[in-house]
Amino acid sequence: MLNRRHLITSLALSATVLALPVVGLAQPAPTTRIVVPFAAGGPIDVTVRILAEAVKGTLGTVIVENRPGAGGNIGVGAVAKAAPDGLTLGIATTASHGINPWLFSKLPYDPAKDFAAVTQMLRVPNVLVMNADAAKRLNIDSLADLITYAKANPAKLNYGSGGNGSAGHLAGEMFKNQAGIFALHIPYNGGNPAQLGLLSGQVDFNFDNLATAAPNIRSGKLKALAVTTTQRAAAMPDVPAISDTLPGFEIDTWWGLVVPAGTPAETVRKLNAAFTEALRSPEVKARFATLMAEPAPSTPEQFDAFMARERTKYERVVKLSGAKVD
């Protein structure tokens, strides 16, 4: 039987053992979060989920959080205010980092100062499409034909878009300006109504996302005159680029990854390495191809410079359109 001294000593040793740190047990890996500023199920959300799955082997658990609202401004604003620890990433888009700074009188973020670029993810070509019946009736078979007709018949053409200040609206204004033509803009409440307006013959042409327009192009309901990227799209190599007729014309849909400003440069480089490797993988390329999206991996510096050029371009185009959101 233990005496009092032995009992006290045993209790003290037990307390010491319990107090020692447990060696060899791995700490749980932190969770990386990607904030998508739009609702689940759309093309941005789908591509981000593909990429999140592809980087789990490198980054561990990666979750996608949808924060839609205000044209993407709510989700993007939340990323700007997140801790700069590399565990919260956001999606920068044509709208949030190119158009909205000039379209909205007030934003909950500064696109130039509140973020550090990680990498561009992809680009999706836009395409100038005509109602096929209208194109046949007006003998328009090419972009040059459309411009010639518009010049010979001022104010007879119109075009639709998903709304004032939308990418389709701004592409139309940029096209009119460079081609030296006039066409009346008809704004719809979203991209789907605008496409229905074109299919029903309410408008003559639209600038639409290639992935959205492709089924109706292939069925013969829409005629594709030109893509808005400087190069032809791999998905439809027979469709020329607008820049072949109007040099310098370039406007497409893009998005990429950013982190809050102040995130350590080494952390940004680690994230860039993980995501660009995934973007170059055959599996991701194949899955993006089904959405007619082209992976566009870049260095942080390249993506940052690209977004700066987009802001400069859209400042002029938004002012040209006269669109404004208070």
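In case you missed it, the structure is sitting above this.
First, a word on scope: everything that follows refers to the structure included in this document. (Residues numbered from 1 in each chain as written. Predicted model: local features only at pLDDT ≥ 70, side-chain atom pairs only at ≥ 80, totals over all residues. Heavy atoms only, no water.)

The interhelical angle for the contact between helix α8 (residues 167–179) and helix α13 (residues 300–321), taken along N-to-C directions, is 85 degrees, at an axis separation of 9 Å. Compared by their axis directions, α8 and α13 come out roughly perpendicular. Residues H169, L170, E173, M174 and N177 of α8 form the contact with α13, whose participating residues are K313, Y314, R316, V317, V318, L320 and S321. (Axes fitted to C-alpha atoms, helices over the stretch in contact; angles between N-to-C directions. Helix = DSSP H or I, 4+ residues; strand = E, 2+ residues; numbered from the N terminus. Parallel < 35°, antiparallel > 145°, perpendicular 65-115°, else oblique. Contact = heavy atoms within 4.5 Å.)

Turning our attention to the packing of aromatic side chains. The description of an aromatic ring pair rests on the distance of the ring centres and on the angle between the ring planes. Inspection of the entire model under this criterion finds 8 aromatic pairs. For the ring pair W254 and F306, a centre distance of 5.2 Å and an interplane angle of 75 degrees mean the geometry is edge-to-face. Taken together, the positions of W254 in strand β10 (residues 253–260) and F306 in helix α13 put the pair 52 residues apart, joining distant regions of the chain. Overall, W254 belongs to the buried group, its relative accessible area being 0%. The exposure class of F306 is buried, given its relative accessible area of 15%. Through a chain of ring-to-ring contacts, three or more aromatic side chains come together here, namely Y159, F175, F205 and F207. (Phe/Tyr/Trp six-rings, centres within 6.5 Å; stacked < 30°, edge-to-face > 60°. Buried < 20%, exposed > 50% of the residue type's maximum accessible area, 1.4 Å probe, protein only.)

Before going further, it helps to examine the sheet that holds strand β3 (residues 88–93). Spatially, 6 strands are ordered β2-β1-β3-β10-β4-β11 in an open sheet, and the strand pairing comes out mixed. Each having just a single partner strand, β2 (62–66) and β11 (294–295) make up the two edges of the open sheet. Both strand β4 (residues 115–124) and β11 contribute to a ladder of 2 bridges, which runs antiparallel. Of the residues in β11, the one forming a bridge with R123 is E294. Set on the sheet, helix α5 (residues 94–103) makes contact with β3, β4 and β10; between it and β3 the angle comes to about 55 degrees. (Pairing = 2+ DSSP bridges.)

With that settled, consider the side chain of T94. In this fold, T94 is placed in helix α5. A relative accessible area of 6% places T94 in the buried class. The contact partners of T94, leaving out residues within four places of it in the chain, are I99, D252, T253, W254, E310 and Y314.

Its location among the elements puts E173 in helix α8. Residue E173 is classed as buried on the basis of its relative accessible area of 11%. If sequence neighbours within four positions are ignored, E173 has contacts with Y159, H185, L320 and S321.

A few words now on the nonpolar core. By size, the foremost hydrophobic cluster in this structure holds 49 residues, and its most contacted members are L128, L146, F175 and F205. It is α13 that contributes the most residues to this core, 6 residues altogether. Apart from residues no more than four positions distant in its own chain, L146 is found in contact with L128, M130, I140, L157, F175, F205 and L225. Formed by 30 residues, the second largest nonpolar core is a distinct cluster that contains I34, I44, I50 and V259. (Core = buried A, V, L, I, M, F, W, Y, C linked by side-chain atoms within 4.5 Å.)

Our next topic: the environment of W255. Within the secondary structure, W255 sits in strand β10. A residue is classified by how much of its surface remains accessible, and W255, at 3% relative accessible area, is buried. Sequence-wise, W255 and T119 are 136 residues apart; in three dimensions their C-alpha atoms are separated by 9.2 Å. Residues within four places of W255 in sequence aside, it is in contact with P43, I44, T47, I91, A92, T93, Q120, M121, L122 and V124. For W255, the side chain forms a polar contact with the side chain of T47, separated by 3.0 Å. (Polar contact = N/O pair within 3.5 Å; in protein donor to acceptor, adjacent residues only side chain to side chain.)

Read these as geometric descriptors, not functional statements.
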